[in-house]
Number of protein chains: 6
Amino acid sequence: MTTTKKPFKRLLLTGAAGGLGKVLRERIKPWADVVRLSDIGDMGEAGEGEEIFQADLADKQAVLKMVEGVDAILHFGGISTENTFENIMFANIQGTYNIYEAAHRHGVKRIVFASSNHAIGFYPQTQVIDADDPPRPDSMYGISKVFGEQLSRYYFDRTGIETVCLRIGSSFPSVNNPRMMCTWLSYDDLLEALRVSLLTPRVGHTILFGASNNKRQWWDNRKAAHLGFQPKDSSEQFRADVPETGEYPPEDDATFNYHGGKFIFDGPMYKD
Amino acid sequence: MTTTKKPFKRLLLTGAAGGLGKVLRERIKPWADVVRLSDIGDMGEAGEGEEIFQADLADKQAVLKMVEGVDAILHFGGISTENTFENIMFANIQGTYNIYEAAHRHGVKRIVFASSNHAIGFYPQTQVIDADDPPRPDSMYGISKVFGEQLSRYYFDRTGIETVCLRIGSSFPSVNNPRMMCTWLSYDDLLEALRVSLLTPRVGHTILFGASNNKRQWWDNRKAAHLGFQPKDSSEQFRADVPETGEYPPEDDATFNYHGGKFIFDGPMYKD
Amino acid sequence: MTTTKKPFKRLLLTGAAGGLGKVLRERIKPWADVVRLSDIGDMGEAGEGEEIFQADLADKQAVLKMVEGVDAILHFGGISTENTFENIMFANIQGTYNIYEAAHRHGVKRIVFASSNHAIGFYPQTQVIDADDPPRPDSMYGISKVFGEQLSRYYFDRTGIETVCLRIGSSFPSVNNPRMMCTWLSYDDLLEALRVSLLTPRVGHTILFGASNNKRQWWDNRKAAHLGFQPKDSSEQFRADVPETGEYPPEDDATFNYHGGKFIFDGPMYKD
Amino acid sequence: MTTTKKPFKRLLLTGAAGGLGKVLRERIKPWADVVRLSDIGDMGEAGEGEEIFQADLADKQAVLKMVEGVDAILHFGGISTENTFENIMFANIQGTYNIYEAAHRHGVKRIVFASSNHAIGFYPQTQVIDADDPPRPDSMYGISKVFGEQLSRYYFDRTGIETVCLRIGSSFPSVNNPRMMCTWLSYDDLLEALRVSLLTPRVGHTILFGASNNKRQWWDNRKAAHLGFQPKDSSEQFRADVPETGEYPPEDDATFNYHGGKFIFDGPMYKD
Amino acid sequence: MTTTKKPFKRLLLTGAAGGLGKVLRERIKPWADVVRLSDIGDMGEAGEGEEIFQADLADKQAVLKMVEGVDAILHFGGISTENTFENIMFANIQGTYNIYEAAHRHGVKRIVFASSNHAIGFYPQTQVIDADDPPRPDSMYGISKVFGEQLSRYYFDRTGIETVCLRIGSSFPSVNNPRMMCTWLSYDDLLEALRVSLLTPRVGHTILFGASNNKRQWWDNRKAAHLGFQPKDSSEQFRADVPETGEYPPEDDATFNYHGGKFIFDGPMYKD
Amino acid sequence: MTTTKKPFKRLLLTGAAGGLGKVLRERIKPWADVVRLSDIGDMGEAGEGEEIFQADLADKQAVLKMVEGVDAILHFGGISTENTFENIMFANIQGTYNIYEAAHRHGVKRIVFASSNHAIGFYPQTQVIDADDPPRPDSMYGISKVFGEQLSRYYFDRTGIETVCLRIGSSFPSVNNPRMMCTWLSYDDLLEALRVSLLTPRVGHTILFGASNNKRQWWDNRKAAHLGFQPKDSSEQFRADVPETGEYPPEDDATFNYHGGKFIFDGPMYKD
């Protein structure tokens, strides 16, 4: 009986109790002998081939231990929707710094950083952009994602740690509004984006937009063609749920104006 | 018994008696309860779901009435081949102004403007262009198309009317020369281009090149990826009629030199 | 006694009774043995070295005669402020066509076309542009200037007539508002722009922005460096008349938002 | 007796006890009736036309009070050299957020953000860049400056607060190494950069490189030409102190390899 | 019985005894009545529809005869791996000059020049390039290929001879390392690239990258879309032979750093 | 008594008996204790601080000796006008290779390569270019200059030898035709270009256009701003000798069509 060798001995997934973390937990098992799962929240029992490491990303010493002995990191941890600046600062800004500094100290060579379309969410939906267009964050959350992209650029220039910043669109089981017809990223395509990000021999510091093979596209991935990400799914399967009508949206409806959709109005800006 | 709601209540098609107008007349019916047909020439009887409005586009008052009550406009009217400047000025320049001003006054929000490859016809066939390359019209006709593109840009900036300028290649039943192997736009693909132009929630002011999925391409549509136009047909089906030979064309044969083909010599320039 | 040979035998200046026409009438005399002056309005008596040719630019036969025998043309004629579309169409669109067609028939090789900043007037004042940025007209007047730029591009590609399109900023004796601190073109610098446009051996089809050497600049002339236009004056001489204050303009004040200033609200759009 | 009205009633200068803060304290007095000075450190007595407001930028409530009643802000506060990430996070990241949120709540319309060449310090000295080139921070300090640039972009898109991000080179009394021959910004030119940033009617969100009129230049300011920043001084006055030799620097000497000079090795990365 | 006319009467293939020459010898027969085969080495007997012309490309008189009477040339001759500069100079630099000068004298209108990825081999594998990116040769061999590209540009500008420079990736029967997963060009796709290069009516001077439809791509062919090259094969068929592992290559392993792979260390630089 | 230390101990000037070589021979003496002069022709007696080394650049062993012990090289040798390909190949292609290989073996770190406007001579005079525009050589001579630019790029990537490619315009005592009004490079400005190329601490591989501060400019040096080349002279001093007339040049007069002027017709192409 033969067994295929898995690419990695130990892979770290942060944010394992989050929405996408739960999706990934089972699916990435074929890539590593051991998947170390980390979250600030409860992750249940460790399954076979799993290690559970519950910690706050803002806790530097905990993160140092968390990263020890891993070959590569899928950094999905932190707050994944709009929140107060302070909460986001600790979870996403300090948390991501802790991950990179720990990776540097332990010699981890590759990180996939779960960035977001909200890093460029203030672009109008009538403008197609690529990875060289400057960020235009649409929220505190989006700003923290741009921070992670810049921090990882620095760590690449300074220490050689390679990162793929995956600007995830809308990764959900299905589509329920016109914006998601553009931004939808199926779970299978998310997996494929992570797979090529981990397994391409050299990635340097690459920004990859994460959308499925949808008909309408706001994001041009040609600067990342060296990764070979070729999504297979299409939001057209949900067309019946999102019928095309001739009723044009009001001009002040953010959902139809910006890449980031209504996120720009979700902010805490006027609230505390 | 259920009936699907059509996207529009009333759609205006100008140039309904022209070559493409006749092609579109039947095919766009599924998009609107009523299709209002307009032309300076005879359009026959109004069929079911049709309104006939015969008028000269240069007649401002007539156009004001023509546009009243419509949700969106497919502006295919005017002169569609080379002609004297004066004729083109009245039919295409004044006519298009009348359409936009009427649309503005009646609150029409979306227009698809039938522009043409002759707006960029003086580019050499060895240069691939996209929507940001400056116009290079090849004829009085082409100049009038650039005028329409600029006028619609102004109306978008000034009033918010959204326009897709569709730079139509060669939309005919079949292909009969090497240039059309690049420029051919099948009727089905023309329909699809119009459909996405009408139904995409936000289009702003977008220039879309209209060619089928032909092998050789002079026009790069990536600036219009937000429309999701994906042509299905290919001119390769006519390859047998346009055999590839090693007999290279003479250097002064415009058909093989310019995107616009022999149009540059069709002009009235030396004639009146 | 020796006399220096003047560069041209006969130079045509259209729009000679207009604001800039009057400024140029005397100043261009050193460039030609005879200056032919044309306008629809009264130009007074012909002075020494002058020919008076009163005509409507929309009159094709008159323009044909007007252009006969001239070496080069400074085309300043037509309507120079916002007006109804129809008036602008006849004076600026048909008029400019008549000039180019007449130039073609009579073998005139060089035209300087008085274009305008209103061809790009809808750009925001916080964006620096160059000649490759697409036009964004701010008015019917601006649209007619874009028309002239495109028409002259066509005549260059088709017949070889060379044109410099001079996008004139604000050419007045002095400056009286903050926008003009950017857009001011002194009469001396206007003359120099015309001089290099006429005397550079090859100009092809070049777009030249016409502003003096003002501190703030919205227009980058580097695509026209082959003309060698080096303005000498600066709007800083009028700084005392336009004091800098910390009172920021309201967001909806077009004067401070767009290259074209308040022109966008001068239009006839809502008036007839 | 007449007095010239000063542009602002109240101007806030943060970081007033820092190196550049002390330089600016006296020099910006002509711009405002009252200059409010803020720092975490001691600023001495308030002089005429001065208000002293000692506070920690990381203290949100204090910053809210600090910003109340000011017309515009020169944000020079925070840590201005490399330091631990945590220190920089509180002083520069949280501190700058507090400034912008306070500005938003109090309706402040204009901020000049003291960014730094260390936001782009990892570019090689043989590459000339402009404001559209992506950031390449060279340190934790540099990362915090990129954060401020992105945060201010967000506040502009979301609330309309205008910011000039001034990427200051080396603003010191004199020059003492070859890198500073490129990066030197005299105090007078710094003042002029701040002046145009405050007084230009519209600045939107603009990135301005801050170097004097030195012969060698790594930074191309043409995207900010609308500000009219024209430095007058030149590092050539210090040429005698920095003689040009033919002894080429070793390849691994960061001082001669990167825009940011030896900063990349100043980091705390290996130290705590 | 009818026979289809072949596109060319006589086609010249240089380098016919080389690796790719042997592959092409049989496959290009359908394109010409006679294929003239040339090489410095032995080519065996002439088959049906073949002419054998053994010669040294550095021999100008021989090349003049070799080119006489041919309609188009596939120039695959010369040294195809790294070698001493002198050997490469005679075979590739002088040889290619002789071919072009002979083509010019005999009125040959079209040449396909077998250029190489080694013309741009010093680009990092994390950078996607297109035909407008400047060459970065990785070897003496690569320099000779850039020479041929520049020489053919000159002959096109000066004489009108059209050339497609095909920058061949790795054209072998199969793939055996990770770099070839990107660079592989199947023989069928090579044939198709040659076919469109020969049969497109106008090609001017075009640079075409030659890779199959592999998932990962370093080379963006959109500037050559007018040729209609659409590769059909994919290196994924060899995936089993080149398993993806999580063992990242050492930073100094050229095979994983540069487009050109280990070629940069194959050079004779340190050897003679 | 003090003496200022010269930047270099030994500087090699190739082509010392050529037109510019003679100009430079005296003027570069302040830069080095010893100037080694090389040429294939007679250079007279060695003056103080001079070494004479007569050799053929095509002689590899001679060049190896020639380069021994020098700190930097001004490579002006080879054929400097149009000639047969073979002559140019040996003198300019093989000769430049020999220089670089010798520099590599002897550890020379910096070379200034006398390239030429004929490397880009086929651009039209109405197009302003910069260092990123692809070469368009206008002659065999121009092709050899592009070769040198590419070879030096390779040696920089492979070995770290830094090169400034100085694309010299027309470096003569005076100006006698309209083209030279654009291309003139005074001897003083030539000296300054060489000085900054030698003394800038890091130059990498930089292309610098060599023209004086003439009014009309075809070449934009902003990609080389890190060198700080600021020419002082202007061709306007010769304006009286090159009067501006309104007599436009014939369309087929290369002198007025191409950057390279009549060089394109100087070639040996039709002669042997």
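Once a new chain begins, its residue numbering starts again from 1 and follows that chain's sequence as written. Key to labels: chains lettered from A, ligands numbered from 1, both in the order written. Whole-chain, interface and lining totals are the exception, using all residues; otherwise, since this is a predicted model, local features are given only for residues with pLDDT of at least 70 and side-chain atom pairs are given and counted only at 80 or more. Excluded from the side-chain calculation are hydrogens and water; included are all heavy atoms of the structure.

K.L.:
Describe the arrangement of the chains, naming the residues involved and giving the relevant values.
P.N.:
We call two residues in contact when some of their heavy atoms are within 4.5 Å. One finds no contact between chain D and chain E; the C-alpha atoms of the two approach each other to within 15 Å at their closest. Spatially, chain A and chain F are disjoint, and the shortest separation between their C-alpha atoms is 18 Å.

K.L.:
Help me get a handle on the packing of aromatic side chains, residues and values and all.
P.N.:
Each pair of aromatic rings is reported with the distance of its centres and the angle of its planes. Only Phe, Tyr and Trp rings take part, Trp by its six-membered ring, and two of them pair if their centres are within 6.5 Å. Stacked means planes under 30 degrees apart, edge-to-face means over 60, and tilted covers everything else. For the structure shown, the criterion picks out 58 aromatic pairs over all chains. With 6.2 Å between their ring centres and 50 degrees between their planes, F8 of chain A and Y248 of chain E make a pair best called tilted. A residue pair is termed interchain when its members come from two chains, as with F8 of chain A in strand β1 (residues 8-14) and Y248 of chain E in the segment after β9 (219-220). Only protein chains enter the area calculation, which uses a 1.4 Å probe; residues under 20% of their type maximum are buried, those over 50% are exposed, and those in between are partly exposed. Residue F8 of chain A is classed as buried on the basis of its relative accessible area, which comes to 2%. Ring geometry for F122 of chain A and Y258 of chain A: centres 4.9 Å apart, planes at 75 degrees, overall edge-to-face. One end of the pair, F122 of chain A, is in the loop between β5 (110-116) and β6 (129-130); the other, Y258 of chain A, is in the segment after β9 (219-220), and 136 residues separate them in sequence. We classify F122 of chain A as buried; its relative accessible area is 4%. By way of ring pairs, the aromatic residues Y100, Y154 and Y155 of chain E together with F122 and Y258 of chain F are connected into one cluster. Note on criteria: charge over ring means Lys NZ or Arg CZ within 6 Å of the ring centre, with the direction from the centre no more than 35 degrees off the ring normal. If you follow R136 of chain A out to its NZ or CZ, it ends over the ring of Y123 of chain A, 5.3 Å from the centre. Where helices and strands are cited, they refer to DSSP runs of H or I of at least four residues and of E of at least two residues respectively, numbered from the N terminus.

K.L.:
Lay out the relation of the copies chain F and chain C with the relevant residues and their values.
P.N.:
Turning chain F through 120 degrees and shifting it by 0.0 Å along the axis lays it on chain C, with an RMSD of 0.0 Å. Here the transformation between the copies is reduced to the relation of a three-fold axis. By C-alpha distance to the rotation axis, the residue of chain F lying nearest is R222 of chain F, at 6.2 Å. Little of the interface of chain F is mirrored in chain C, where only 5% of its interface residues again form contacts. Least-squares fitting of one copy onto the other uses the C-alpha atoms of those residues that reach a pLDDT of at least 70 in both copies.

K.L.:
Help me get a handle on the interface of chain F and chain C, residues and values and all.
P.N.:
If you look at the interface, chain F gives 20 residues, while chain C gives 23 residues. Summing the contributions of chain F and of chain C, the shared interface buries around 1900 Å²; its carbon and sulfur component is 50%. Looking at the side of chain F facing chain C, the largest losses of area belong to K215, R216 and Y248 of chain F, adding up to 37% of the total buried there. Throughout this description, the term salt bridge denotes a Lys or Arg side-chain nitrogen within 4 Å of a carboxyl oxygen of Asp or Glu. Applying the counting criterion to the chain F and chain C interface returns 4 salt bridges. For K5 of chain C, the salt bridge identified is with E247 of chain F, shortest N-O distance 3.3 Å. Pairs of N or O atoms are called polar contacts if they sit within 3.5 Å, as long as, within protein, a hydrogen donor faces a hydrogen acceptor (for residues adjacent in sequence, only side-chain-to-side-chain pairs). Linking chain F to chain C there are 10 residue pairs in polar contact (both at pLDDT 80 or more). Take the accessible area each of two parts loses on contact, using a 1.4 Å probe, and add the two losses: that sum is the buried area.

K.L.:
Explain the sheet that holds strand β5 (residues 110-116) of chain C to me, using residue names and the numbers behind them.
P.N.:
All names here are of chain C. With respect to topology, 7 strands assemble into an open sheet ordered β3-β2-β1-β4-β5-β7-β8, the strand pairing being parallel. At either margin of the open sheet sits one strand with a lone partner, and together these are β3 (50-54) and β8 (205-210). If you compare each strand with its neighbour and ignore which way they point, the axes differ by 20 degrees on average. With 4 bridges connecting them, strand β4 (residues 72-75) and β5 associate as parallel partners. The residue bridging A72 from the neighbouring strand is R110, located in β5. Across the sheet, helix α3 (residues 85-106) is in contact with β1 (8-14), β4, β5 and β7 (162-168); its angle to β5 comes to roughly 165 degrees. Interaxial angle, 0 to 180 degrees, is taken between N-to-C directions of lines fitted to C-alpha atoms, where a helix line uses only the stretch in contact. The strands that helix α6 (residues 187-199) touches are β1, β4, β5, β7 and β8; relative to β5, the one it contacts most, it runs at about 145 degrees. When DSSP finds at least two bridges between two strands, those strands are taken to pair.

K.L.:
Residue-level account of the UniProt feature "domain: NAD-dependent epimerase/dehydratase" (unreviewed entry) in chain A, with values.
P.N.:
UniProt positions are given in the numbering used here, feature names are shortened, and annotations may be inferred rather than shown by experiment. Summarizing the sequence annotation, UniProt attributes the feature "domain: NAD-dependent epimerase/dehydratase" (unreviewed entry) to residues 12-172 of chain A in the numbering used throughout. As annotated, residues 12-172 of chain A has a helix share of 37% and a strand share of 22%, and its two end C-alpha atoms lie 22 Å apart.

K.L.:
Any details on the interface of chain D and chain A? Residues and values, ideally.
P.N.:
On the side of chain A, 35 residues touch chain D, which itself brings 35 residues to the contact. Summed over the shared surface of chain D and chain A, the result is 2 salt bridges. Broken down by secondary-structure element, the contributors of at least two residues to the side of chain D that touches chain A are α3 (85-106) and α4 (140-159) of chain D. When residues in the side of chain D that touches chain A are grouped by element, the largest group, 12 residues, is from α4 of chain D.

K.L.:
Summarise the relation of the copies chain D and chain A; cite the residues concerned and give the values.
P.N.:
Each copy of the sequence occupies a distinct position, and chain D is placed on chain A by a rotation of 180 degrees and an axial shift of 0.0 Å, giving an RMSD of 0.0 Å. Put plainly, the chains are arranged around a two-fold axis. Taken as a fraction of all interface residues of chain D, those also at the interface in chain A reach 100%, which identifies the copy contact as same-surface.

K.L.:
If you had to explain the sheet that holds strand β1 (residues 8-14) of chain B to someone new, which residues and values would you point to?
P.N.:
All names here are of chain B. Strand order in this open sheet of 7 strands is β3-β2-β1-β4-β5-β7-β8, and the pairing throughout is parallel. Pairing within the sheet leaves two strands with one partner each, and these edge strands are β3 (50-54) and β8 (205-210). Going across the sheet, the axis of each strand differs from the next one's by a mean of 20 degrees, ignoring polarity. Where helix α2 (residues 60-67) meets the sheet, it contacts β1, β2 (32-39), β3 and β4 (72-75), and its direction lies at approximately 165 degrees from that of β2. Packed onto the sheet, helix α3 (residues 85-106) meets β1, β4, β5 (110-116) and β7 (162-168) and runs at close to 165 degrees relative to β5.

K.L.:
I'd like to hear about the pattern of salt bridges, residue by residue, with values.
P.N.:
According to the stated counting rule, one finds 138 salt bridges over all chains in the structure shown. Close ionic contact of R25 of chain E with E50 of chain E constitutes a salt bridge, the shortest N to O distance being 2.8 Å. Linking R25 of chain E in helix α1 (residues 19-27) with E50 of chain E in strand β3 (residues 50-54), this pair joins segments that are 25 residues apart in sequence. Relative accessible area serves as the criterion here: at 10%, E50 of chain E is assigned to the buried category. Note that E50 of chain F and K29 of chain F form a salt bridge whose closest N and O atoms lie 3.6 Å from each other. Taken together, the residues E50 of chain F in strand β3 (residues 50-54) and K29 of chain F in the loop between α1 (19-27) and β2 (32-39) connect sequence positions 21 residues apart. It is possible to trace a salt-bridge network through shared partners that takes in E192 and R195 of chain A together with K215, R216, E236, R239 and E244 of chain E.

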